[in-house]
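Results of the structural survey
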Amino acid sequence: MRSLVLGTVLATALNFTAFAHTASAANGGKGPSGYPGRPITLVVPFAPGGGSDNIARYIASRLNARTGGNIIIDNRPGAGTNIGNEYAARAAADGYTLLFGQVTLSINPYIYPKLRYDVAKDFAPIGQIATSPTVLLVSAASGMKDVKDFVAYAKAHAGQVNYGSGGTGTSVHLAGQLFSTVAKLDMTHVPYKGSGPAMVDLMGGQIQAMFDTAPSALPQAAGGKVRALAVTGPARLSGLPDVPTFAQAGYPAFDAPVWYGLLAPAGTPAPIVTYLNEQLNLILDEPETHERLAQLGSVPAKGSPKDFSAFIAKESERWRAVVQSAKVTVD
């Protein structure tokens, strides 16, 4: 009798679950076959509250509006984004786990010898979201007004200039290495656990410079306690209109952009990937999105999944050369 009752209860529960799932798919999502019929997890490999997290949350909110879905942000920071990246790579390929990817996907394969995911094999690129310039910052009290001043100071104090970044192997760390090569400088890298502590030490004079992403640097530069000397990329940043590009400052060979994009585990059904790409591109066309990304120090970037895949491969070649030149490895 007990087995019969348990069997009946289990069958009822399974039938109810199946019904609820079918009803959700039929009445919820606007995509293929009612997708999304249940909440989507967007893995963000950064701590809450930072510039990357803010971009991810904005895109998630707009995707919710367009798809009729419910995207839940899952922050999994650590290990140079590898914790979040690996989690997403191992998730079910059903369209209900997505990754907010960043430029580290093009860097990490060359600095982590024991990486437990393969970017090309374990992910299905959906679409690029935005690019952000890298910014060279000094303390407002330093007296340096431009890149020329900084380079002169660094050459006069060879081996004594410390520049900070949000961590070893990050794009901003490698940006400093690359600029040292281009400008023929002898600088020492000081890694921090995030850009926040580095920014505090920059303002306090414990380090002489810092390379940072625009979403993180913009509010600090606007506050006047640090001075932005130059930004990477082909054009000035709308949030820092008086700050020249490195090309305008005399260093056209230096470029170290940060990019963001949306990916899914490899094997995610093609109709879902195509649908999410279409919705993402529509979002990136919205004037509201252009305005919001500008506030976050970023510029919209769009294209097909194929375009994004080719972009990641190209960026990987760029950063491979930088990593090999800097001889950076992380256990």
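Structure's up top.
A brief look at the structure comes next.

What counts, and at which threshold
- Residues numbered from 1 in each chain as written.
- Predicted model: local features only at pLDDT ≥ 70, side-chain atom pairs only at ≥ 80, totals over all residues.
- Heavy atoms only, no water.
- 1 Å grid on protein atoms, 1.4 Å probe; cavity = no way out; pocket = protein on both sides within 12 Å on 5 of 7 lines; lining within 4 Å.
- Points joined across faces, edges and corners; volume = space filled by probe spheres on them.
- Helix = DSSP H or I, 4+ residues; strand = E, 2+ residues; numbered from the N terminus.
- Nonpolar A, V, L, I, M, F, W, Y, C, P; charged D, E, K, R; others polar.
- Pairing = 2+ DSSP bridges.
- Contact = heavy atoms within 4.5 Å.
- Phe/Tyr/Trp six-rings, centres within 6.5 Å; stacked < 30°, edge-to-face > 60°.
- Buried < 20%, exposed > 50% of the residue type's maximum accessible area, 1.4 Å probe, protein only.

What follows deals with the layout of surface pockets. The space that makes up the largest pocket amounts to roughly 920 Å³. Along the walls of the largest pocket sit 37 residues, with F46, G166, K193, G194 and S195 positioned nearest its centre. Every element with two or more residues in the lining of the largest pocket is listed here: α2 (51-67), α7 (171-183), α8 (195-204), β8 (209-213) and α9 (214-223). With four residues, α2 is the largest single contributor of residues to the lining of the largest pocket. In this structure, the second largest pocket encloses a volume near 330 Å³. Residue lining of the second largest pocket: 18 residues in total, with T131, P133, P234, A235 and V299 positioned closest to the centre. Its residues assigned to classes, the lining of the second largest pocket comprises nine nonpolar, seven polar and two charged.

Pairing is mixed in the open sheet, where six strands are placed in the order β2-β1-β3-β10-β4-β11. Every other strand in the sheet has two partners, leaving β2 (71-75) and β11 (299-300) as the edge strands with one partner each.

Before going further, it helps to examine the environment of I73. In this structure, I73 sits in strand β2. For the pair formed by I73 and V243, sequence separation is 170 residues and the distance between their alpha carbons is 34 Å. Sequence-distant contacts of I73, defined by excluding residues within four places in its chain, comprise L42, V44, D53, A56, R57 and A60.

Across all of its chains, the model carries 13 aromatic pairs by this definition. Between F100 and Y260, the ring centres sit 5.6 Å apart and the planes meet at 20 degrees, which makes this aromatic pair stacked. Taken together, the residues span a long stretch of sequence, with F100 in strand β3 (residues 97-102) and Y260 in strand β10 (residues 258-265) at a distance of 160 residues. Judged by relative accessible area, which is 0%, Y260 ranks as buried. Ring geometry for F211 versus F254: centroids 6.3 Å apart, planes at 65 degrees, classification edge-to-face. Pair noted here: F211 is in strand β8 and F254 is in the loop between β9 (226-231) and β10, with a separation of 43 residues, a long-range link. Exposure class is identical for F211 and F254. Each is buried.

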